[in-house]
Amino acid sequence: MAVGEDAHLKGFSGARRAKMWLEGTMRISGAYANTDSPSCARRLTLAWPHGGQTFSFDLGGAMRGAPYHGDMFCAEVKNYQQPSDQGTQFDEFVAKCYVACQNGHLLSDHLMWITWAPFRANTWSQLDSPKHVETAVLLHHERVFGTADRAAAESAIDPEIVAMVASRLWLIVLSEKQETLVPLKDWEAIVAAELIRKGEQW
């Protein structure tokens, strides 16, 4: 198997596993991957403001239960066992999140980065800070703002959108054992029956 094919399969497997875990928490309703259907791919695909390229998130869906009931989410999944180059990829993800929030993307109430390997341990607590969001966006200023001039990009960045992205970011680190620590199927059936009885969607 070629290296590229192996990476693609690992990514597909990671998205499937993350979807199953999210649904297993019973706080996610109707999660879907960008590979599930053309319509799912369209919902999760956006265009960079400049450069004529598009990007897509791996997962999307709705959330249930306070304080997130009815909110929508999108997620990027990294099926890695080591930190690898996640820091660089995370910065690009943050820039994508900025574009999504700037465009009023309907699935961007919550923006999740899901991985099996932590990264940037020394600055982990700052990765969802407004300062880091601004830094990450400016690393991709040509595609976001259409200028090669860093100073012009700095003046164009919107601090309100920066704060919005920071408040919506989730950093989730999974493990194989953690994936099993979800309610049992029998319990899910009880909860589903109760929600249906109340007229709520399962």
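In what follows, the accompanying structure is described. (Residues numbered from 1 in each chain as written. Predicted model: local features only at pLDDT ≥ 70, side-chain atom pairs only at ≥ 80, totals over all residues. Heavy atoms only, no water.)

In this structure, F57, F93, Y98, V165 and L169 are the most contacted members of the largest nonpolar core, which totals 35 residues. Among the elements of the structure, α3 (86–102), β6 (110–115), α4 (130–139), α5 (141–145) and α7 (159–168) are those that each provide at least two residues to this core. In contact with V165, not counting residues within four places along its chain, are V94, C97, Y98, C101, L111 and V133. With 17 residues, the next largest nonpolar core counts A15, L22, L59 and I172 among its residues. (Core = buried A, V, L, I, M, F, W, Y, C linked by side-chain atoms within 4.5 Å. Buried < 20%, exposed > 50% of the residue type's maximum accessible area, 1.4 Å probe, protein only. Helix = DSSP H or I, 4+ residues; strand = E, 2+ residues; numbered from the N terminus. Contact = heavy atoms within 4.5 Å.)

On to the side chain of K96, then. Here K96 is to be found in helix α3. Setting aside residues up to four positions removed in sequence, K96 forms contacts with W48, F55, F57 and E76.

Turning our eyes to something else, we now look at the pairing of β6. Among the 6 residues of β6, 6 are classified as buried, and the element is accordingly described as predominantly covered. Both faces of β6 are covered, namely the face carrying H110, M112 and I114 and the face carrying L111, W113 and T115. With α3 bridging strand β5 (residues 72–78) and the parallel β6, this β-α-β connection has right-handed handedness. (Right-handed = clockwise from strand over helix to strand, strands pointing away.)

Of all the residues in α4, the buried ones are H132, V133, A136, V137 and L138. Those residues of α4 that are buried are in contact with α3, α5, α6 (150–156), α7 and β7 (169–173).

Here we take up the pattern of salt bridges. Following the criterion strictly, the structure yields 6 salt bridges and no others. Ionic pairing is found between E92 and R143, a salt bridge with its closest N-O pair at 3.2 Å. Note that E92 is positioned in helix α3 and R143 in helix α5, a separation of 51 residues in sequence. (Salt bridge = Lys/Arg side-chain N within 4 Å of Asp/Glu carboxyl O.)

As a further point, take the sheet that holds β6. The strand order β1-β4-β5-β6-β7 describes an open sheet built from 5 strands, whose pairing is mixed. The outermost strands of the open sheet, each flanked by one partner alone, are β1 (28–33) and β7. In this sheet, neighbouring strand axes are inclined to one another by 25 degrees on average, regardless of whether the strands run parallel or antiparallel. Sheet topology places β1 next to strand β4 (residues 59–63); 4 bridges connect them, and they run antiparallel. Within β4, the position partnered with I28 by the bridge is M63. Those strands touched by α3 are β5, β6 and β7, and its axis lies near 165 degrees from that of β6. (Pairing = 2+ DSSP bridges. Axes fitted to C-alpha atoms, helices over the stretch in contact; angles between N-to-C directions.)

Here we come to the packing of α4 against α7. Viewed as axis vectors pointing N to C, α4 and α7 meet at an angle of 115 degrees, and their least axial separation amounts to 8 Å. Regarding the angle of α4 to α7, the classification is roughly perpendicular. The hand of the α4/α7 crossing is right-handed. Here α4 contributes P130, V133 and E134 to the contact with α7, which in turn contributes V162, V165 and A166. (Parallel < 35°, antiparallel > 145°, perpendicular 65-115°, else oblique. Left-handed = near helix turned anticlockwise from the far one by under 90°.)

Another aspect to go through is the environment of D85. Locating D85 in the fold gives a position in the loop between β5 and α3. Taking the C-alpha atoms as reference, D85 lies 8.6 Å from F119; in sequence the two are 34 residues apart.

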